[in-house]
Amino acid sequence: MARRYDPDRRQRIIDAAIRVVGEKGLAGLSHRSVAAEADVPLGSTTYHFKTLDELMVAALRQASEGFAKVVASRGGLEDPRPDLAAELAGCLGEWLASDRTGVELEYELYLAALRRPALRPVAAEWAEDVARQIARHTDPVTARALVALMDGICLQVLLTGVPYDEEYAREVLARMIPRAH
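Residues numbered from 1 in each chain as written. Predicted model: local features only at pLDDT ≥ 70, side-chain atom pairs only at ≥ 80, totals over all residues. Heavy atoms only, no water.

**Student:** What exactly am I supposed to notice about the nonpolar core here?
**Tutor:** The nonpolar side chains of a soluble globular protein tend to be buried with one another. In this structure, Phe-67, Ile-134 and Met-150 are the most contacted members of the largest nonpolar core, which totals 61 residues. Not counting residues within four places of it along the chain, the set of residues in contact with Met-150 comprises Phe-67, Leu-88, Leu-92, Tyr-107, Val-130, Ile-134 and Leu-173. (Core = buried A, V, L, I, M, F, W, Y, C linked by side-chain atoms within 4.5 Å. Buried < 20%, exposed > 50% of the residue type's maximum accessible area, 1.4 Å probe, protein only. Contact = heavy atoms within 4.5 Å.)

**Student:** Teacher, can you tell me more about helix α7 (residues 100-112) here?
**Tutor:** Owing to its 3.6 residues per turn, the α-helix aligns residues three or four sequence positions apart on the same side. Given a rise of 1.5 Å per residue, 13 residues ought to cover 18 Å, and the 18 Å separating the end C-alpha atoms of α7 matches this to within 8%. All buried positions along α7 are accounted for by Val-103, Leu-105, Glu-106, Tyr-107, Leu-109, Tyr-110 and Ala-112. Buried residues along α7 sit against α1 (9-24), α4 (52-63), α5 (65-74), α6 (84-98), α8 (120-135) and α9 (140-160). (Helix = DSSP H or I, 4+ residues; strand = E, 2+ residues; numbered from the N terminus. Expected span 1.5 Å × (residues − 1).)

**Student:** Is there a simple way to think about the packing of aromatic side chains in this case?
**Tutor:** Centre-to-centre distance and the angle between the planes together describe a pair of aromatic rings. According to the stated counting rule, one finds five aromatic pairs in the structure shown. Aromatic rings pair up to connect Phe-67, Trp-95, Tyr-107, Tyr-110 and Trp-126 into one cluster. (Phe/Tyr/Trp six-rings, centres within 6.5 Å; stacked < 30°, edge-to-face > 60°.)

**Student:** Sorry if this is basic, but what is going on with unusual backbone geometry here?
**Tutor:** Of all residues except glycine, most have a negative phi; of all peptide bonds, most are trans. For Asp-39, which is not glycine, the phi dihedral falls at a positive 55 degrees. Looking at the element boundaries, Asp-39 is found in the loop between α2 (31-38) and α3 (42-48). We classify Asp-39 as exposed; its relative accessible area is 68%.

This is a description of form; function is not addressed.
Here it is as structure tokens:
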């Protein structure tokens, strides 16, 4: 029997892993559950991803693009002198309003790095990339602090069910940004 050429199979497996985590959480993620969701043979998942950690890394890398896409689509951080606090608060608001399941999934995979060391570099890449974009408008220490504050705001919204308050976010972000002299 000839082997079927399927150039999109790896991507379908990653997409399926994201759907499985979205529906069942990380506890529901296995090569078998992903193979069933992607409608591929079990051997395909283990061929493309030897371990679950490899599959989670690919899923986290793809899932973590959500916030970056919002930042890019808004373009505010490209302005030479943005109202940084307002732009960041707006990005958070747009991201949280876009696809709640996607945001929850990003954070579930992001926080999985606490127990899975293989995910830590990918989680760190996300934070470093956002901090690097912000650092074009402030110093690197403030940029990292702003990322930490944004993470905290997002987690509070996700965990408490309290609606996102963009004005509050703008105000607390502004408090962390040094005033120009």
